[in-house]
Amino acid sequence: MAFNHLPAGAHDALTPLSVTPVTHSVPMANDQLPPEVGVHPAPRTVLDRLTAGADRAARITHTEHLPPRPGRHAPWPEEIRPEVVEAVRAAGIDRPWAHQALTAAHALRGESVVVATGTASGKSLAYLAPVLSALLDGSEAPNGRGATALYLAPTKALAADQRRAVRSLAEPLGKGVRPAVYDGDTPVEEREWVRQYANYALTNPDMLHRSILPAHPKWSSFLRALRYVVIDECHTYRGVFGSHVAQVLRRLRRVCARYGSEPVFLLASATASDPATAATRLTGVPVAEITEDASPRGELVFALWEPPLTELHGERGAPVRRTATAESADLLTDLVVQGVRTVAFVRSRRGAELIALIAQERLAAVDRSLPGRVAAYRGGYLPEERRAIERALHSGELLGLSATTALELGVDVAGLDAVLLTGYPGTRASLWQQAGRAGRTGRGALAVLVARDDPLDTYLVHHPEALFRQPVESTVLDPDNPYVLAPHLCAAAAELPLTEADLSLFGPATPGLLAQLEARKLLRRRGTAWHWTRRERAADLTDIRGGGGKPVQVVEEGTGRLLGTVDAAAAHASVHEGAVHLHQGRTYLVRRLDLEDSVALVEQADPPYSTTARDTTAISVLETSAEIPWGEARLCFGSVEVTNQVVSFLRRRLITGEVLGESKLDLPPRTLRTRAVWWTVTEDQLDDARIDPEALGGALHAAEHASIGMLPLFATCDRWDIGGVSVPLHPDTLLPTVFVYDGHPGGAGFAERAFHTAARWLTATREAIAACECDTGCPSCVQSPKCGNGNDPLDKRAAIRILTRLLRDAPREEAKEAKEAKEAKEAKEAEAPPGPPEG
């Protein structure tokens, strides 16, 4: 029997919410208001108040203190136009920080550059200064159009924020700078003006892929004059999404070359490991890096917080901790009572609404004026609603906000005193991005990471060195993934016929893929060029934010109103018949899933339960690309085919998580060809580890779950990006085997990263299981929220023994890293194209 752990697509049950009476550390009378907005208490004082009482104090597992840092200035490069320097001074900035000046100098020399510094370090000004100078130079050109610049953001909200910032900064520069947003919300009548007259177009990769590049003749004057391409928050372009964006940028460079331009890329990133390698991989051109942050930073006190165990029990009687959602709501309540301006980050939209709702209810018992000073902020709000919330937060009218990552990506929020992170956000880069939202004006700040009942969160709050003594992750992407590259070759051929000269631009896999696309009659070779043969738009072959396949539309049955879409890969598990579907705070039941037309019909309802899909999974090895002996064991990496079928779903009571029943489903199996890392053990090793045949399945299954939960610590992925299968006797290896695979066609680079860091990854996995206080396994160590087998069987103690035996013969990490460094150096010296970033 194979035990599996599905990637993106398994429907996440609502976390049981244990609501207990809250005792505020700073009680207030009804007529007592929070301190005025100008009062900013010291972060240690705030934390002491939060932990007043023995019960609260025991929840802190570690406190890290980051001392304040002074700033370091440098002069602007002489090439920056004096008008731009004056405009910056008028905005209150006399001199730039050293990293801003250095970034501008690279840009002015025509060198692509990535600035990877902390939150609120002024990255926007670093690229805006040379961009505005170029636009002013161009405004004086004889042809009138002059230089242009293109700004790419991962979200529409960030592009809108940037337009406001540019307009404010460029106001003294007159008509020489004409910024405009071009996205899906831009009215048709405005789009022509943007194409013809704007010289700073702000858009996103989706519009570049679907609209600008396919219609490049309409953009010819803009592209002909394109001097700079700004890529903001470039650390978000990772995995399959990042791989798609990398190919979109190659298509952009190709079309620009057709019009005689060769733009310089200016990239801004949160702090990242080896950002130059990642930026080069993303853009396809050499990129310099600026990583030394010269901006000042206030004191930061960072606390790790573990919620207490409750009297509730989950699957197989496992103990359940109080949810991070409920705990963050309590902390937000206390902070607002203290007058501490706070944002609580949470990963789900429902979680953001719940934290705000609970905090408002509890604040009402303290002072009836306080609930109005707390709000939620998430995607799905109207733009005017979001702006009103941002204004209220800036002014101090709002003291508390619970927000999704919609607030993380560059939205300008200053004046905060504290940040709550409701669960580890998935990467250290995101952790510091969110924590950096507090204390942005140089004052001290408090950050608190509230752990979820999850193996990775539990490990981190008990191993602070994994957060505070480790560099942030490398950005993992694979532009050569054939499932990503193939549709972009079709799109490129539709834009301009592909020639032999283009092959090197798109990578070494291109010639083989062109032959396959010819065989499928998607491309046709005429002479020395390949042409798109179909009437439909080639750009519609792929959704760059999805893993392939037509998205399923979620439609309200009674009204025909489109509520949203679900990725094809997630549809079977999340919008099957009978599934509970959440959308903008409302609950719906799925009445029918039409796979042929890719439509899920839903109706609004209020069921007292959530749903969780159950499935079966089989995996076969197609090719072993690399293999390392660990004594008698083997660590392997290669291509696999995963066959998955959703067979039923569970209904769980909302508050307790109690299973109310199981319903069968009749859905077709789906196959996924992807990349995986796997390890095997021999009978002798099992005997040595005292693993009897009855315990073997549970040991492998538990080790698989925990290793998936820990992988985000070593690869820039979420546990929902990856899947796993454990088999006591696999037909391809003929041994007990554990697989962990990328949940995207062709792979996303996560399994490869796991292969290269396997000793550290599996060591951390073993430590996480062993450190958990439970007896037989719980959500904090070996239980998974998306297990297709209902977390059965699991054997925690046997998993520890089998991992201990496996790791005994693992090669020394230092020797392995030295070998990889040597190979990388030799590849660089041979001028080989860069591979996926290694850290």
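This structure is a prediction, so every number in the text was calculated from the model and none was measured.

Looking at the packing of aromatic side chains
To describe a pair of aromatic rings, one takes the distance between the centres and the angle between the planes.
Next, step 1: As enumerated under the stated definition, the model contains eleven aromatic pairs in all.
Next, step 2: Arranged with centres 6.4 Å apart and planes meeting at 45°, the rings of tyrosine 127 and tyrosine 151 form a pair that is tilted. In this pair, tyrosine 127 sits in helix 5 (residues 123–139) while tyrosine 151 sits in strand 4 (residues 148–152), placing the two residues 24 residues apart along the sequence.
Next, step 3: For tyrosine 151, a relative accessible area of 0% corresponds to the buried category.
Next, step 4: Seen from their ring centres, phenylalanine 637 and phenylalanine 755 are 5.9 Å apart, and the 35° between their planes marks the pair as tilted. Separated by 118 residues along the polypeptide, phenylalanine 637 in strand 27 (residues 633–653) and phenylalanine 755 in helix 24 (residues 750–756) bring together distant segments of the chain.

Topic: the pairing of strand 6 (residues 200–203)
Next, step 1: What you see with strand 6 is no split at all: Tyr200 and Leu202 on one side and Ala201 and Thr203 on the other are buried throughout.
Next, step 2: In this sheet, strand 6 lies alongside strand 4 in parallel orientation, the contact comprising four bridges. By the bridge assignment, tyrosine 151 is partnered in strand 6 with leucine 202.
Next, step 3: Inspection of the sheet shows strand 5 (residues 179–181) paired to strand 6 by three bridges, in the parallel sense. Among the inter-strand pairings, valine 181 is bridged to a residue of strand 6, identified as leucine 202.

Thoughts on helix 18 (residues 482–495)
Next, step 1: With 14 residues, helix 18 extends 20 Å between its outermost C-alpha atoms, agreeing within 8% with the 20 Å of an ideal straight helix rising 1.5 Å per residue.
Next, step 2: By the criterion of burial, helix 18 is predominantly enclosed, with eleven of the 14 residues buried.
Next, step 3: Within helix 18, burial applies to Val484, Leu485, Ala486, Pro487, His488, Leu489, Cys490, Ala491, Ala492, Ala493 and Glu495.
Next, step 4: Sitting at the amino-terminal end of helix 18 is asparagine 481, which places a side-chain oxygen 2.9 Å from the backbone nitrogen of tyrosine 483.

Description of the sheet that holds strand 16 (residues 418–422)
Next, step 1: Strand order in the open sheet made by the seven strands is 2-10-17-16-13-15-14, with mixed pairing throughout. Bordering the open sheet on either side are strand 2 (60–66) and strand 14 (374–377), each of which pairs with just one other strand. The mean angle between the axes of side-by-side strands here comes to 15°, regardless of whether they run parallel or antiparallel.
Next, step 2: By the bridge criterion, six bridges tie strand 10 (residues 300–305) to strand 17 (residues 445–450) in an arrangement that is parallel. The residue bridging phenylalanine 302 from the neighbouring strand is alanine 447, located in strand 17.

Details of the pattern of salt bridges
Next, step 1: Within this structure, the stated rule accounts for 36 salt bridges.
Next, step 2: Of the charged contacts in the structure, one is a salt bridge between arginine 69 and aspartate 293, with a shortest N-O distance of 3.5 Å. Of the two residues, arginine 69 is situated in the loop between strand 2 and helix 3 (82–90) and aspartate 293 in the loop between strand 9 (288–290) and strand 10; the sequence distance between them amounts to 224 residues.

Focus on the confidence of the model for the protein chain
Next, step 1: Averaged over every residue, the pLDDT of the protein chain is 85; residues scoring 70 or more account for 87%.
Next, step 2: Per-element confidence in the protein chain is highest for strand 7 (residues 226–231), whose mean pLDDT is 98, and lowest for helix 27 (residues 813–829), whose mean pLDDT is 46.
Next, step 3: For residues 3–38, every residue scores under 50 in pLDDT, and the model assigns this stretch 133 contacts once sequence neighbours within four places are set aside.
Next, step 4: Contacts from residues 814–839, a stretch scored under 50 in pLDDT, to residues over four places away or in other chains number 26 contacts.

A word on the packing of helix 10 (residues 239–258) against helix 18
Next, step 1: At their nearest, the axes of helix 10 and helix 18 sit 10 Å apart, and the two run at 20° to each other. Relative to helix 18, the element helix 10 lies roughly parallel. Note that helix 10 runs across helix 18; the crossing there is right-handed. Seen from helix 10, the contacting residues are Val240, Ser243, His244, Gln247, Val248, Arg251, Arg254 and Val255; seen from helix 18, they are Val484, Leu485, His488, Ala491, Ala492 and Glu495.

Points about the sheet that holds strand 20 (residues 529–532)
Next, step 1: One open sheet holds the three strands; their spatial order is 18-20-19, and the pairing between them is antiparallel. In the strand order of this sheet, the two ends are held by strand 18 (498–499) and strand 19 (523–526), each with one partner.
Next, step 2: Note: strand 19 against strand 20, four bridges, orientation antiparallel. The partner of arginine 526 across the bridge, within strand 20, is alanine 529.
Next, step 3: Strands in contact with helix 18 are strand 18, strand 19 and strand 20; relative to strand 20, the strand with the most contacts, it is inclined by about 95°.

A short note on helix 15 (residues 428–435)
Next, step 1: In terms of burial, helix 15 is largely enclosed, as seven of its eight residues are buried.
Next, step 2: Considered for burial, the residues of helix 15 that qualify are Arg428, Ala429, Ser430, Leu431, Gln433, Gln434 and Ala435.
Next, step 3: Close packing links the buried residues of helix 15 with strand 10, strand 13 (342–346), strand 16, strand 17 and helix 17 (465–468).

Some thoughts on a negative patch on the surface
Next, step 1: Residues Glu632, Glu683, Asp684 and Asp687 make up a contiguous surface patch of negative charge.
Next, step 2: Mapped onto the elements, aspartate 684 comes out in helix 22 (residues 683–688).

Side note on the environment of valine 181
Next, step 1: Structurally, the position occupied by valine 181 is in strand 5.
Next, step 2: Leave out the neighbours within four places in its chain, and valine 181 touches Ala159, Ala160, Arg163, Thr186, Val194 and Leu202.

Re unusual backbone geometry
Next, step 1: Although it is not a glycine, arginine 690 sits at a positive phi angle of roughly 60°.
Next, step 2: Secondary-structure assignment places arginine 690 in the loop between helix 22 and helix 23 (693–710).
Next, step 3: Its relative accessible area of 61% is what places arginine 690 among the exposed residues.
Next, step 4: Notably, leucine 734 is not glycine yet its phi reads approximately 60°, a positive angle.
Next, step 5: Topologically, leucine 734 is positioned in the loop between strand 30 (722–727) and strand 31 (737–742).

Here's the deal with the nonpolar core
Grouped burial of nonpolar side chains is what soluble globular proteins tend to show.
Next, step 1: One finds Phe302, Trp630, Trp679, Leu711, Leu713 and Trp761 to be the most contacted residues of the largest nonpolar core, which totals 88 residues.
Next, step 2: Counting residues per element, this core draws most heavily on helix 23, at nine residues.
Next, step 3: The residues contacting tryptophan 761, other than those within four sequence positions of it, are Val677, Ser707, Met710, Leu711, Phe714, Val740 and Ala754.

Quick notes on the pairing of strand 16
Next, step 1: With five of its five residues buried, strand 16 lies for the most part within the structure.
Next, step 2: Strand direction decides the pairing type here: strand 13 and strand 16, joined by five bridges, are parallel. Looking at the pairing, threonine 342 lines up with alanine 418 of strand 16.
Next, step 3: Sheet topology places strand 16 next to strand 17; five bridges connect them, and they run parallel. Residue alanine 418 lies in a different strand from strand 17, and its bridge partner there is leucine 446.

Comments concerning the environment of threonine 510
Next, step 1: Residue placement: threonine 510 occurs in helix 20 (residues 510–519).
Next, step 2: Each C-alpha atom, one on threonine 510 and one on proline 482, is 8.5 Å from the other, the two residues being 28 residues apart in sequence.
Next, step 3: Excluding its chain neighbours within four sequence positions, the residues that come into contact with threonine 510 are Leu485, Leu489 and Leu503.
Next, step 4: Looking at threonine 510, its side chain comes within polar contact range of the main-chain oxygen of phenylalanine 506, at 3.4 Å.

Reading the values: the criteria
- Residues numbered from 1 in each chain as written.
- Predicted model: local features only at pLDDT ≥ 70, side-chain atom pairs only at ≥ 80, totals over all residues.
- Heavy atoms only, no water.
- Phe/Tyr/Trp six-rings, centres within 6.5 Å; stacked < 30°, edge-to-face > 60°.
- Helix = DSSP H or I, 4+ residues; strand = E, 2+ residues; numbered from the N terminus.
- Buried < 20%, exposed > 50% of the residue type's maximum accessible area, 1.4 Å probe, protein only.
- Pairing = 2+ DSSP bridges.
- Expected span 1.5 Å × (residues − 1).
- Polar contact = N/O pair within 3.5 Å; in protein donor to acceptor, adjacent residues only side chain to side chain.
- Axes fitted to C-alpha atoms, helices over the stretch in contact; angles between N-to-C directions.
- Salt bridge = Lys/Arg side-chain N within 4 Å of Asp/Glu carboxyl O.
- pLDDT = per-residue confidence, 0-100.
- Contact = heavy atoms within 4.5 Å.
- Parallel < 35°, antiparallel > 145°, perpendicular 65-115°, else oblique.
- Left-handed = near helix turned anticlockwise from the far one by under 90°.
- Patch = residues over 30% accessible without salt bridge, like charges linked within 9 Å, V, L, I, M, F, W, Y side chains within 5 Å.
- Areas by Shrake-Rupley, 256 points an atom, 1.4 Å probe, with all protein chains shown as cover.
- Lys, Arg positive; Asp, Glu negative; His and termini not counted.
- Charge placed at Lys NZ, Arg CZ, Asp CG, Glu CD.
- Core = buried A, V, L, I, M, F, W, Y, C linked by side-chain atoms within 4.5 Å.

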